[in-house]
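Close look at the chain arrangement
Here are the chains, one letter per residue:
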Amino acid sequence: MTQSHKKRSTHFLLIATVFLALLASRVEATPMLTISGDVAKQTLTREQLIQLADRTIKTQTPWTEGEQVFLGVSAQKLLETVNKPAHSLKAYALNDYWATIPRDDIKKYNPIFAIKNNGDWMRVRDKGPIWVIYPLSAFSQLENEVLHSRMAWQVNRVEVLKE
């Protein structure tokens with residue numbers, strides 16, 4: 001290998017490394033969840049969501065095989081973060097599907113806005129970036145279609161409803 005070829009290879013590797021580092025930081029800093037409604041509008045990045053994550057739910061769902069482990073921000077923690085305890089939430093998906101999470105559900109089930117499933121980041125193709133997860137197994141609610149309808153996936157927006 002000539003000296004000039006080695007130099008070009010080194011420059012290419014350096015540029016590729018910097019590009020990948022910038023791309024990775026962009027992914028971390030991209031807003032994943034917008035919170036609006038009866039609060040000042042704000043956005044949270046993946047990094048902020050993982051810092052807020054306070055609950056793990058182990059459950060089965062109608063859409064997955066076997067018990068899954070989900071990590072995310074509980075509805076109660078999300079409401080505390082925006083100083084609106086005891087409110088209902090409306091979760092919106094990327095395709096504009098929406099589901100209301102009633103205040104009573106938050107008190108009883110405290111569902112989470114899951115950002116990880118079995119230790120992996122939730123991807124859009126796997127119901128991410130955020131999936132509303134209820135602890136179905138813990139409450140023997142695997143067949144509860146009302147709760148199923150509230151488990152919106154591909155969530156990117158949450159509205160805090162006026163009470």
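Each remark here, short or long, concerns the structure printed above.
Worth saying up front: this structure is predicted, and the values here are computed from it rather than measured.

1. Thoughts on the overall build of the protein chain
Of the regular secondary structure elements, the protein chain holds five helices and ten strands. Counting the 163 residues in the protein chain, one finds 39% classified as buried. For the protein chain, the share of sequence-separated contacts (at least 6 apart) that also reach a separation of at least 24 residues comes to 59%. With an accessible surface of roughly 9600 Å², the protein chain has 53% of that area assigned to carbon and sulfur atoms.

2. Regarding the environment of Ile35
As for its placement among the helices and strands, Ile35 is situated in strand S1 (residues 31–37). Classification of Ile35 by relative accessible area gives buried; the value is 0%. Placed 43 residues apart in sequence, Ile35 and Leu78 show a C-alpha to C-alpha distance of 9.3 Å. What Ile35 contacts, discounting residues up to four positions off in sequence, is Ala40, Lys41, Gln42, Leu44, Leu78, Val82, Val158 and Val160.

3. Looking at the packing of aromatic side chains
The final tally for this structure, using the stated rule, is six aromatic pairs. With 5.2 Å between their ring centres and 75 degrees between their planes, Trp63 and Trp153 make a pair best called edge-to-face. With Trp63 in the loop between strand S3 (55–59) and strand S4 (68–74) and Trp153 in the loop between helix H5 (145–150) and strand S10 (155–160), this residue pair connects regions lying 90 residues apart in the sequence. With relative accessibility at 32%, the residue Trp63 sits in the partly exposed group. Judged by its relative accessible area of 30%, Trp153 falls in the partly exposed class. Both rings, one in Trp131 and one in Trp153, keep their centres 5.8 Å apart while their planes meet at 85 degrees; by these two values the pair is edge-to-face. Note that Trp131 is positioned in strand S9 (residues 131–133) and Trp153 in the loop between H5 and S10, a separation of 22 residues in sequence. The lysine or arginine in question, Lys127, covers the ring of Trp131, its NZ or CZ lying 5.8 Å from the ring centre.

4. Some details on the nonpolar core
With 37 residues, the main nonpolar core has Leu78, Leu89 and Phe113 as its most contacted residues. Looking at which element gives the most residues to this core, the answer is strand S7 (residues 112–117), with four residues. Excluding anything up to four places from it in sequence, Leu89 contacts Ala75, Leu78, Leu79, Ala99, Thr100, Ile101, Ile106, Phe113, Val158, Glu159, Val160 and Leu161.

5. Observations regarding the sheet that holds S1
Reading across from one edge, S2-S1-S10-S5-S6 is the order of the five strands in this open sheet, with mixed pairing throughout. Both outer strands of the open sheet, strand S2 (42–45) and strand S6 (98–101), are each paired with one neighbouring strand and no more. For this sheet the average axis-to-axis angle between neighbouring strands, irrespective of direction, equals 20 degrees. Sheet analysis places strand S5 (residues 89–93) next to S6, joined by four bridges and oriented antiparallel. Residue pairing across strands places Ala91 opposite Ala99, the latter belonging to S6.

Definitions and limits used
- Residues numbered from 1 in each chain as written.
- Predicted model: local features only at pLDDT ≥ 70, side-chain atom pairs only at ≥ 80, totals over all residues.
- Heavy atoms only, no water.
- Helix = DSSP H or I, 4+ residues; strand = E, 2+ residues; numbered from the N terminus.
- Buried < 20%, exposed > 50% of the residue type's maximum accessible area, 1.4 Å probe, protein only.
- Contact = heavy atoms within 4.5 Å.
- Areas by Shrake-Rupley, 256 points an atom, 1.4 Å probe, with all protein chains shown as cover.
- Phe/Tyr/Trp six-rings, centres within 6.5 Å; stacked < 30°, edge-to-face > 60°.
- Lys NZ or Arg CZ within 6 Å of the ring centre and 35° of its normal.
- Core = buried A, V, L, I, M, F, W, Y, C linked by side-chain atoms within 4.5 Å.
- Pairing = 2+ DSSP bridges.
- Axes fitted to C-alpha atoms, helices over the stretch in contact; angles between N-to-C directions.

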